[in-house]
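Listed below, chain by chain, are the residues.
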Amino acid sequence: MNVTINTDRLLAELHHLARLTDCPPTQDRSLPEPTQAVTRIVFTPRDLEARAWLTALAEAAGFSVRTDAVGNTFLRWQGTDASLGAVGTGSHTDAIPHAGMYDGTVGVLGGLEAMRSLKEAGFTPKRSIETLMFTSEEPTRFGIGCIGSRLLGGVIDAEEADKLRDRLPETDPNAEAGLTLADVRAGAGFSGTLASVKLPRGYYDAWVELHIEQGPLLEREGIELGIVTGIAAPASFRYTVDGFGGHAGALLMPDRRDALCAAAEMILSVERHARAANEKAGGVDTVATVGMVGVHPGAVNSVPSRVTLTLDIRDTDVGRRDGVMEAFHADIAEIEQRRRVKVREETINADAPAKSSEHIVGVLEELCEAEGASYKKMVSRAYHDSSFMATVAPVAMIFIPCRAGVSHKPDEYSTPEAIALGTRILALALAKLANE
C-alpha cells in the first residue's frame, strides 16, 4: 500500500504538545537539542488543554470523538462493517514532572497520523480503527498507574478507584487537599459511573501500541524497531517503619530504634535479593526500586521515628518476582526483631505479565521484512496501557529507539526517522488487521 507518513506534520504536533506544559522553556544548554521539559499531570489545566487540542485535530481529520467517565478519549474512524470488533492503537499524553516530550505522545499522535495517512491514501477499513488517549497512565496524581486502561479492562474495582486520593497537594501547595478521583474527574468535566468504562467483550479485535523503547537496546544494537512479545509484571508496595525517636544527642545508641536505619537495611535487602534472582536465572529481568522515602520528623538533630517508603518490583516471571518478595519478607521479620521496629506493608498493585498475540507479532514481522526494516523481538520491562488492554483484546507493541535509552527526563529524544518508520509500520499493521 502506498502510504505516506507526513513526518513534518507529526513532528510539528509533537512539538506543539510539548509546549502544553507547566515547565518553563528549557534554558539548560548542556542538554542535547531538541529538549523540552514537560509536566502535564492528569486533569490539570495543561492536560485539559491537550485533550481539547487533540479532539480538534481528530475532528478536523473527519474522525469522531468520544470520552468515557474517566476521560479516556477515543478517536474513531468508522469501518464499513459496524458489527466487527475494532482495531485499536494509542497511548497517553500525561507526563510526570520534568519529563520528556516523546513518552506516550508518539503513540497517540502517531496513531492519529497513521489513521490520517491511511485515509489520505484512499484506504477504506472494514473494521473501525481507533486511536485511544488513555487517562492517567502515570501514577503521579493518584499513586497508581494506568487508571484508564485498568478500568477499560475491568482489572480495578470501579468504586475503589473513585476513592483514590489526590496526591497533587504534595507537590502543588495551591491544590486542594483531600480530594478523590471522583471529585477531580467531576471537576474536569467527566461524569458518569466508573463501572461504565469497562469495555464489552469483542469491542477490540486487535490492539497495537507504538512507544519509545525507554531503554538502550535498540540504539545500542543499531536496530530500527522492536516488536514486543511480552510486558513485565509490575508490583508496587508502600511500607511504614515505626521506631522510636528522640534527641540526636540525648538518645544513646543502645537505646535507639531508628526507623531510618531499619528502612536502609530493607532497601539494601530487596536490592540484594533482586540481584540474586538475576544471577540464579542468568538474566536481567528482575528489577526492584525504592523511589520514594519520607522521614519523620526530618530534622538533623532528631532520631527518625517513622519512615515511609515505596517499592516498585518488576519481572517477566511472576514466580521469580514472588520469590524475591518472600526472601524480602523474611529479612523484614529479622530487621523488626533485631532493631525493635514495626513494619507495615500495603499492596498498591500486583499485576500479571502480558503476553503479546503471536498473530499480531507475526504481522509486524512480515511488515518489517517487507519494508526492509531491521527489528528485534523483545520484552518490555516498563509497563504500559497495553498491559491491561491485553485483558480486552490480542495485543502487541512497536518500540522505536530513544537516544541513550533516556526517558522520563527532558533530554528524552527519538529521531524523526525513527518516529516516521514506527508510524508507517503502525499504519500498515492497522490496515492489515482492519481488513482481516
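This text gives an overview of the structure that appears in the document.

**Some thoughts on the packing of helix α8 (residues 259-281) against helix α9 (residues 318-339)**
No. 1: As a packed pair, α8 and α9 sit with axes 9 Å apart at the nearest point and diverge in direction by 150°. By the angle class used here, α8 and α9 are roughly antiparallel. The handedness of the crossing between α8 and α9 comes out as right-handed. Two secondary-structure elements touch here, α8 through Cys 261, Ala 262, Glu 265, Met 266, Ser 269, Val 270, Arg 272, His 273, Ala 274, Ala 277 and Ala 281 and α9 through Arg 320, Val 324, Ala 327, Phe 328, Asp 331, Ile 332, Ile 335, Arg 338 and Arg 339.
No. 2: Its residues assigned to classes, the contact of α8 with α9 comprises 12 nonpolar, two polar and six charged.

**Some words on helix α1 (residues 7-18)**
No. 1: For α1, spanning 12 residues, the distance from its first C-alpha to its last is 16 Å, which sits close to the expected 16 Å at 1.5 Å a residue.
No. 2: All of the buried residues in α1 are Leu 10, Leu 11, Glu 13, Leu 14, Leu 17 and Ala 18. What you see down the axis of α1 is that its buried residues fit within an arc of 160°, all on one side.
No. 3: Where α1 is buried, its residues contact β1 (38-40), α2 (45-60), α3 (105-120) and α12 (416-434).

**Side note on the sheet that holds strand β13 (residues 306-315)**
No. 1: Across the sheet, four strands lie side by side as β11-β13-β9-β14; this open sheet has antiparallel pairing. Either end of the sheet is taken by a strand with one partner, and the two such strands are β11 (287-296) and β14 (342-350). Neighbour-to-neighbour, the strand axes of the sheet open up by a mean angle of 15°, direction not taken into account.
No. 2: As paired strands, strand β9 (residues 233-242) and β13 are joined by 10 bridges and run antiparallel to one another. Residue pairing for β13: Arg 238 is matched across the bridge by Thr 310.

**Some words on the packing of aromatic side chains**
No. 1: Enumeration over the complete set of coordinates arrives at 11 aromatic pairs.
No. 2: With a centroid separation of 5.9 Å and an interplanar angle of 85°, the aromatic rings of Tyr 102 and Tyr 413 are classed as edge-to-face. Here Tyr 413 lies in the loop between β17 (395-400) and α12 and Tyr 102 lies in the loop between β5 (95-99) and α3, a separation of 311 residues in the sequence. The pair Tyr 102 / Tyr 413 is uniform in exposure class, with both members buried.
No. 3: Considering the side-chain rings of Phe 237 and Tyr 239, the 6.4 Å spacing of their centres and the 40° angle between planes classify their relative orientation as tilted.

**Some points on the environment of Thr 131**
No. 1: With respect to the element layout, Thr 131 can be found in strand β6 (residues 129-134).
No. 2: Overall, Thr 131 belongs to the buried group, its relative accessible area being 0%.
No. 3: For the pair Thr 131 and Val 208, spaced 77 residues apart in the sequence, the C-alpha separation amounts to 9.9 Å.
No. 4: Ignoring any residue separated from it by four or fewer positions in sequence, one finds Thr 131 in contact with Thr 73, Phe 74, Leu 75, Thr 89, Gly 90, Val 108, Gly 111, Leu 112 and Met 115.

**Regarding unusual backbone geometry**
It is generally the case that most residues other than glycine have a negative phi and that most peptide bonds are trans.
No. 1: The residue after His 296, namely Pro 297, is reached through a cis peptide bond having omega 5°.
No. 2: Relative to the helices and strands, Pro 297 resides in the loop between β11 and β12 (302-303).
No. 3: One non-glycine residue with positive phi stands out, namely His 98, at about 60°.
No. 4: When you line up the elements, His 98 lands in strand β5.
No. 5: His 98 sits in the partly exposed class, given a relative accessible area of 49%.

Criteria and thresholds
- Residues numbered from 1 in each chain as written.
- Predicted model: local features only at pLDDT ≥ 70, side-chain atom pairs only at ≥ 80, totals over all residues.
- Heavy atoms only, no water.
- Axes fitted to C-alpha atoms, helices over the stretch in contact; angles between N-to-C directions.
- Helix = DSSP H or I, 4+ residues; strand = E, 2+ residues; numbered from the N terminus.
- Parallel < 35°, antiparallel > 145°, perpendicular 65-115°, else oblique.
- Left-handed = near helix turned anticlockwise from the far one by under 90°.
- Contact = heavy atoms within 4.5 Å.
- Nonpolar A, V, L, I, M, F, W, Y, C, P; charged D, E, K, R; others polar.
- Expected span 1.5 Å × (residues − 1).
- Buried < 20%, exposed > 50% of the residue type's maximum accessible area, 1.4 Å probe, protein only.
- Arc of directions from axis to C-beta.
- Pairing = 2+ DSSP bridges.
- Phe/Tyr/Trp six-rings, centres within 6.5 Å; stacked < 30°, edge-to-face > 60°.

Fair warning: the whole summary comes from geometry, so function is off the table for now.
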